[in-house]
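The residues making up each chain are set out below.
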Amino acid sequence: MGDRSRAGRAAYAVVPVVAALAHIGPAATWLPGLRRRWFPGLAGQGRPDHVALTFDDGPDPASTPRFLDALDALGVRATFFLLGERVVRHPALAREVALRGHELAVHGWTHERPWLPSPGRDARELRRAVHAVGEAAGRNRPHWYRPPYGILTSGRWAAARRAGLRPVLWTAWGEDWRRDATPDSVRATVAADLRGGGTILLHDTDHASAPESWRAALGALPHLVAHCHATGLTVGPLSEHAVAGTDGPQEQG
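Everything numeric in this text was worked out from a predicted model, so none of it was measured.

### Points about the packing of helix 9 (residues 183–193) against helix 10 (residues 214–230)
Moving on, step 1. Two elements in contact, helix 9 and helix 10, have axes whose closest approach is 7 Å; the angle formed by their N-to-C orientations is 55 degrees. In this view, helix 9 runs oblique relative to helix 10, as classed from their interaxial angle. With respect to the hand of their crossing, helix 9 and helix 10 are arranged in right-handed fashion. Here Pro 183, Val 186, Arg 187 and Val 190 of helix 9 come into contact with helix 10, specifically with Arg 215, Ala 216, Ala 217, Gly 219, Ala 220, His 223 and Leu 224.
Moving on, step 2. Taken together, the residues of the contact of helix 9 with helix 10 sort by class into seven nonpolar, two polar and two charged.

### Points about unusual backbone geometry
Note: most residues except glycine have negative phi, and most peptide bonds are trans.
Moving on, step 1. The peptide bond linking Gly 58 to Pro 59 adopts the cis configuration, its omega dihedral lying at 0 degrees.
Moving on, step 2. Along the chain, the position of Pro 59 falls in the loop between strand 1 (50–56) and helix 4 (64–74).
Moving on, step 3. The phi torsion at Glu 212 lies on the positive side, around 70 degrees, for a residue other than glycine.
Moving on, step 4. Within the secondary structure, Glu 212 sits in the loop between strand 7 (199–203) and helix 10.
Moving on, step 5. Residue classification places Glu 212 among the partly exposed positions, given a relative accessible area of 41%.
Moving on, step 6. One non-glycine residue, Ala 242, adopts positive backbone phi at about 50 degrees.
Moving on, step 7. One can find Ala 242 in the segment after strand 8 (234–236).

### Focus: the nonpolar core
Moving on, step 1. If you look at the biggest cluster of nonpolar residues, it comprises 53 residues, and the most contacted ones within it are Leu 53, Phe 55, Leu 202 and Leu 221.
Moving on, step 2. The leading source of residues in this core is helix 10, at nine residues.
Moving on, step 3. Residues contacting Leu 53, with those up to four places away along its chain left out, are Leu 71, Val 76, Ala 78, Thr 79, Ile 200, Leu 202, Leu 221, Val 235 and Gly 236.
Moving on, step 4. Counting seven residues, the second-largest nonpolar core is a separate cluster that includes Ala 52, Phe 81, Leu 238 and Val 243.

### A short note on the confidence of the model for the chain
The predicted structure's coordinates, where accompanied by low pLDDT, should not be read in detail.
Moving on, step 1. Scored by pLDDT, the chain has a mean of 86; 80% of the residues are at 70 or more.
Moving on, step 2. Every residue in residues 7–25 scores below 50 in pLDDT, and together they form 11 contacts with partners more than four places removed in sequence or on other chains.
Moving on, step 3. Confidence drops under pLDDT 50 across residues 247–253; counting only partners more than four residues distant or on other chains, this segment forms 16 contacts.

About the cut-offs
- Residues numbered from 1 in each chain as written.
- Predicted model: local features only at pLDDT ≥ 70, side-chain atom pairs only at ≥ 80, totals over all residues.
- Heavy atoms only, no water.
- Axes fitted to C-alpha atoms, helices over the stretch in contact; angles between N-to-C directions.
- Helix = DSSP H or I, 4+ residues; strand = E, 2+ residues; numbered from the N terminus.
- Parallel < 35°, antiparallel > 145°, perpendicular 65-115°, else oblique.
- Left-handed = near helix turned anticlockwise from the far one by under 90°.
- Contact = heavy atoms within 4.5 Å.
- Nonpolar A, V, L, I, M, F, W, Y, C, P; charged D, E, K, R; others polar.
- Buried < 20%, exposed > 50% of the residue type's maximum accessible area, 1.4 Å probe, protein only.
- Core = buried A, V, L, I, M, F, W, Y, C linked by side-chain atoms within 4.5 Å.
- pLDDT = per-residue confidence, 0-100.

Following this line, the structure appears as structure tokens:
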């Protein structure tokens, strides 16, 4: 009887561990090498003659308008992954991003790390974010989802699927959130991993980054676009990227 009791307690203790592993296991796709090799669609691998330019964490009235002006000057459109609570706080700016011709995508409701399983909360918050971003986007319903920190848990996967969103991360980033980031460091970090068909991750705000770090990304932007053009690559949003696993540019509406 004692042995059975101890075995029962041991089995009961294993359940939370298994649940935690099932929750966080998909987050292994955060590893760039694994993602690029085994999940090219999730990595944002697309047309070999194209580079997708994406920005996270906005909108932010202190910095996002500067990126919109810079992109206008460069003649480039991008995909902006917006946080729902930021959209609700700055709805006119979120609409302005769309009116300038950029694609709006979903970055979640807040910028939190999902260490504990909470599928119900994941679903509720993503629905709220989709609604907020969709209102700002107008007729162009959001199609893409990038979770904060690129951490895809089983709950976030399921919530995205139920919301009709496709998760996508990146192939190259600028580490532009760092306190010591500079335009040169951002440019060099992106260039180290950038190839045709890649997806670039930058940030148009310091909302979840070091104060004023967005200035490094803004300073690097013209050089990154010029580098792509010099190597024969066009630059644009994910909707024009033909991400692996899709039939072509995404139809919005």
